[in-house]
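# Structural description and commentary
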Amino acid sequence: MEIQATDTPLLNVSPSVRSFNPQLMEITATDTPVLSWTGDGLAIGFFEFEDAPLTGELTQLNEKFAGILDELIVETEFKGSEGSSAVTRVGGGSPVRKIFLVGLGKPDTIKLDTWRRAAAVVARLAKKEKCKTLGISLPTWNNDPDATATAIAEGAQLALFQDNRFKSEPEDKSSGIEQVELLGLGNQEQGIAKAKQIASGVILARELVAAPPNWVTPITMAETAIAIASEHGLQLKILEREECEQLGMGAFLGVAQASDLPPKFIHLTYTPEGTARRKLAIIGKGLTFDSGGLNVKGAGSGIETMKIDMGGAAATLGAAKAIAQIKPDVEVHFISAVTENMISGRAMHPGDILTASNGKTIEVNNTDAEGRLTLADALVFAEKLGVDAIVDLATLTGACVIALGDDIAGLWSNDDAVANQLVQAAERVGEKIWRMPMEEKYFDGLKSPIADMKNTGPRPGGSITAALFLKEFVKETPWAHIDIAGPVWTDKENGYNPAGATGYGVRTLVNWVMSEIS
Ligand code: BES
Ligand code: MN
Ligand code: ZN
């Protein structure tokens, strides 16, 4: 199916109709001084202090409000430590109804992410305190008002996102914040627009991951790609089963064969208007449900959470949505081999031998190591496009969660330059990542007596053998693999991520694509 962008109405595929949409909140940056701002809630940021934090215009603000800042600081023992906050109501008839103090921590430990987190604290407080208008006065990060505005706008929007799609009545019916003004940053229209574009991608990824597996299926994923293509003008090709067969994608189709739903191989392309500075491919693991197959996931395995197994594909589509709006001078291919890992009379047997599209044969000694099988054919496909670099994101192994915990993604690469680019991109956007070793010796664990390789090695180093397996499907293109099994989801609210799907990866991918590397 070849699809070009058209004017056809959007399919209502991203089930966002009833989802709370923080993008409707109006955000502006201005030169308004804190002293003259009027509205419902005024938030002021502080670095950690020992004594006398009120200087300059804050002294005047304190006087204007009859010493209320001093009182609040003393009463709540507010010291400006990171993540701390204090709230007070300003007396009757005042042009500001509530004052919020927010702590940024020690000036020598701050990062740009401190601003995103502080904005999240402020936005949540303002919502709780029923502020319709909010003024935020934070210091400027690194003399860079543009980056500061982007970070604050991102943090506020991402923190306020709320998923009401699957409730018959939303629990929280408050209309929420309508207007946010970032004070003292000058006009930062571009930076704020960029934050909205990025947040729209992150929110799409969160919605896709959070939706249950009877809702987000391979068909819905394809429809979402169609919606992105037509809304933002990308090229789209969806390869149906027959075309995947013709391309010899035996590994992907082996995984897909027990599902009653058709597999969908999604290939979205963003092409810049002028000449492309680079040509990149982003691949996401797209298992809309992972039962384990005949090596079924048992009780206590977290099988009921396996809707998250398309988190890589969700980040890929989210990045596509953001990049299509930001329009960098880089050609980007967004790829996902989408299916479910199910059980039926047609299911792969443990022990089956599959042939991938590069001709390599795989003994499937565990049907639950399915992600790498789908990625194998996607990697071969991507390399044939002649791109400068390939990055794949995948909820690939529980072993990576054991190694790095819930917050940190694992990174493997055959190329130091690409690995460093990704580490730096992740650092800039506040997504935690750690480079892991490609220990060639461990490939011994994947040796098969009968086929070219097995799909599963021994338990120790399980996330490393998974990466070594993938490497067999990339010949010479610089490539990196990111295992997001941990950070794709958070059980508790964490910074600007509400509990649930995080949309991890979208911001790193966007930042990587945009970074000035030739
Ligand atoms: N989708 C899982 C990995 C996973 C586990 C993601 C927990 C998120 C949270 C993957 O397909 C899988 O089942 N991996 C197996 C591999 C094993 C059979 C070699 C695993 O990690 O146990
Ligand atoms: Mn699995
Ligand atoms: Zn899986």
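Above this text you will find the structure in question.
Residues numbered from 1 in each chain as written. Chains lettered and ligands numbered in written order. Predicted model: local features only at pLDDT ≥ 70, side-chain atom pairs only at ≥ 80, totals over all residues. Heavy atoms only, no water.

The strand order 13-14-18 describes an open sheet built from three strands, whose pairing is mixed. At either margin of the open sheet sits one strand with a lone partner, and together these are strand 13 (353–355) and strand 18 (453–454). For strand 14 (residues 361–363) and strand 18, the ladder comprises two bridges, and the chain directions are parallel. Across the sheet, Glu-363 pairs through a bridge with Lys-454, a residue of strand 18. (Pairing = 2+ DSSP bridges. Helix = DSSP H or I, 4+ residues; strand = E, 2+ residues; numbered from the N terminus.)

With phi around 50°, Asn-142 is a residue other than glycine that occupies positive phi space. Relative to the helices and strands, Asn-142 is located in the loop between strand 6 (133–137) and helix 4 (145–160). With relative accessibility at 57%, the residue Asn-142 sits in the exposed group. One non-glycine residue, Asn-143, lies in positive phi territory at about 55°. Relative to the helices and strands, Asn-143 is located in the loop between strand 6 and helix 4. (Buried < 20%, exposed > 50% of the residue type's maximum accessible area, 1.4 Å probe, protein only.)

Okay, the coordination of the zinc ion (ligand 3) next. On the protein side, the zinc ion (ligand 3) has Lys-285 (NZ), Asp-290 (OD), Asp-309 (OD) and Glu-370 (OE) as donor atoms, found 2.0 to 2.4 Å from it. Given six donor atoms and angles of 78 to 172° at the metal, the environment of the zinc ion (ligand 3) is assigned as octahedral. Donor residues for the zinc ion (ligand 3), ordered by position in the chain, follow K-x4-D-x18-D-x60-E. Taking relative accessible area as the criterion, Glu-370 reaches 1% and is therefore assigned buried. (Donors = N, O, S within 2.8 Å, 3.2 Å for Na, K, Ca; no water. Tetrahedral: all angles 85-135°; square planar, octahedral: opposite > 155°, others 65-115°.)

Lining the immediate environment of ligand 1, one finds 16 residues, of which Lys-297, Asp-309, Asp-368, Glu-370 and Gly-398 sit closest. Interatomic distance of 2.7 Å between a side-chain N/O atom of Lys-297 and an oxygen atom of ligand 1. For ligand 1, whose unbound accessible area comes to 510 Å², protein coverage reaches 77%. (Near = heavy atom within 4 Å. Polar contact = N/O pair within 3.5 Å; in protein donor to acceptor, adjacent residues only side chain to side chain. Areas by Shrake-Rupley, 256 points an atom, 1.4 Å probe, with all protein chains shown as cover.)

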